[in-house]
Amino acid sequence: MSTSQAMHRFRAGNSAPPQELDGLLAWPALALLLLGLVMVYSASIATAEGSRFTGHQPAYFLVRHGVFLAVGLVAAMVAFQVPLRVWRQGAPWLFLLGVALLVLVLVPFIGREVNGARRWLPLGVANLQPSELMKLFAVLYAADYTVRKLADMGSFRRGFVPMALVMALVGGLLLREPDFGAFVVIICIAMGILFLGGINARLFAVLFLFLAAAFVVLIWTSPYRRERIFGFMDPWADAFGKGYQLSHALIAFGRGEWFGVGLGGSVEKLFYLPEAHTDFLLAVIAEELGLAGVLAVIVLFALIVQRAFAIGRQALLLERIYGGLVAQGIGIWIGVQAFINMGVNMGLLPTKGLTLPLMSFGGSGILANCVALAILLRVDYENRALMRGQAV
């Protein structure tokens, strides 16, 4: 479909003048950010008050998360002003920056190690987690690569191998940290964008089977990952060992029932459930707000993912292929990461250190999520401008 045909079709089905921003995207995102702020505070009060590291300040994590959120929103406003063509021009350089940061975090005495994982770069007032930024850079780079290689998407050597080598490099660096969760998300982003870009279906199927086998090997050859699988299969068999986190997350879900025990009333956050304000924030939401609260979160994420794919499809109809792939890549990223985090919290997937996008405590994650949503809104903004016949 040509651009003129797409514009005619759009105008025929939309008599009202187009708005500047997509409310069905912006409002759910803002709701998740604000709900996350409230729930991070609720989930972290006991931990902050009982820790010498936080100075026994109950609002320690609330203040920091509020600052991260403010920085993320400011960065989002700046990112929204950047035309999509500039993001495309800078995509390879941003990707190289991400790789450099992943290398830097592995350098002794530079990267910070916590609980056996070296994932952070200390910046004084905060820590930078390069893997979170790499998810955004992977979206921008994979979309740019796919547009450049559209004519070669059916070729294994010219279309797939170069991207596979780049992703193998990134995956190797992430597994050295180790950060298996980020590795899975970035691979899903790259594979999803290649699939949407028209990669050969048979090649994609073979590659999918290869990746599934590779994941099994990675898990089986790593003792701590293997123990997590066993703990996931029967958390109650060792409820005080490898099944500890999952068993307490399930207890939180059970206590919440339909409408929860009330905001602030969680028992599991009182030093029972580890990482209550980060990886297991949904379990606290389930305990305090019940099934109703969990369903509300799921619906809000579903709206964001649906709008991302709708915006991407509209961009593709307007022959703006890069914008379409970026929008849908962001949808894949947020959807996959939210699904994995929720699955881990509910006991549907093995325990994995992935935060809930837009909600969990963490400055790098909030920053990357806010900028990604700003770029998504920019794609929609440029779509609407093109519909009106304006230059973008």
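About the cut-offs
- Residues numbered from 1 in each chain as written.
- Predicted model: local features only at pLDDT ≥ 70, side-chain atom pairs only at ≥ 80, totals over all residues.
- Heavy atoms only, no water.
- Helix = DSSP H or I, 4+ residues; strand = E, 2+ residues; numbered from the N terminus.
- Contact = heavy atoms within 4.5 Å.
- Axes fitted to C-alpha atoms, helices over the stretch in contact; angles between N-to-C directions.
- Parallel < 35°, antiparallel > 145°, perpendicular 65-115°, else oblique.
- Nonpolar A, V, L, I, M, F, W, Y, C, P; charged D, E, K, R; others polar.
- pLDDT = per-residue confidence, 0-100.
- Buried < 20%, exposed > 50% of the residue type's maximum accessible area, 1.4 Å probe, protein only.
- Pairing = 2+ DSSP bridges.
- Core = buried A, V, L, I, M, F, W, Y, C linked by side-chain atoms within 4.5 Å.

1. A look at the environment of alanine 76
Okay, step 1: Topologically, alanine 76 is positioned in helix 3 (residues 60–80).
Okay, step 2: As for alanine 76 and alanine 368, which are separated by 292 residues in sequence, their C-alpha atoms are 9.0 Å apart.
Okay, step 3: Once residues within four sequence positions are removed from consideration, alanine 76 is found in contact with Cys370 and Ala374.

2. What to know about the packing of helix 2 (residues 23–50) against helix 13 (residues 363–387)
Okay, step 1: The N-to-C vectors of helix 2 and helix 13 enclose an angle of 170°; their axes lie 11 Å apart at closest approach. As summarised for this structure, helix 2 and helix 13 are arranged roughly antiparallel, according to the angle between their axes. Between helix 2 and helix 13, the contacting residues are Leu25, Ala29 and Leu33 on the first element and Ile366, Cys370, Leu373, Leu376 and Leu377 on the second.
Okay, step 2: Of the residues belonging to the contact of helix 2 with helix 13, the class tally is eight nonpolar, no polar and no charged.

3. Let's talk about the confidence of the model for the chain
Low pLDDT means the predicted atomic positions in that stretch should not be read closely.
Okay, step 1: Per-residue pLDDT for the chain has a mean of 88; in total, 92% of the residues score no lower than 70.
Okay, step 2: Within the model, the stretch residues 10–18 combines pLDDT values under 50 with seven contacts to residues more than four positions away or in other chains.

4. Considering the pairing of strand 2 (residues 117–122)
Okay, step 1: Where burial is concerned, most of strand 2 is hidden: five out of the six residues are buried.
Okay, step 2: The turn linking strand 1 (residues 112–114) back onto strand 2 is made up of two residues, and asparagine 115 within it adopts a positive phi angle of 55°.
Okay, step 3: With antiparallel pairing between neighbouring strands as the criterion, strand 2 and strand 3 (residues 127–128) make up a hairpin whose turn holds four residues, including glycine 124 at a positive phi of roughly 90°.

5. Side note on the nonpolar core
Okay, step 1: Residues Phe301, Met359 and Ile375 are the most contacted members of the largest nonpolar core, which totals 108 residues.
Okay, step 2: Here this core gets 14 residues from one element, more than from any other, and that element is helix 11 (residues 281–317).
Okay, step 3: Here isoleucine 375 is in contact with Leu84, Trp87, Leu136, Leu140, Val326 and Ile330, once residues within four sequence places are set aside.

6. Here's the deal with unusual backbone geometry
Okay, step 1: With omega at -5°, the peptide bond leading from glutamate 177 into proline 178 counts as cis.
Okay, step 2: By the element assignment, proline 178 lies in the loop between helix 6 (156–176) and helix 7 (180–196).
Okay, step 3: In this structure, glutamate 319 is a non-glycine residue whose phi angle is positive, near 65°.
Okay, step 4: Turning to its location among the elements, glutamate 319 is positioned in the loop between helix 11 and helix 12 (321–346).

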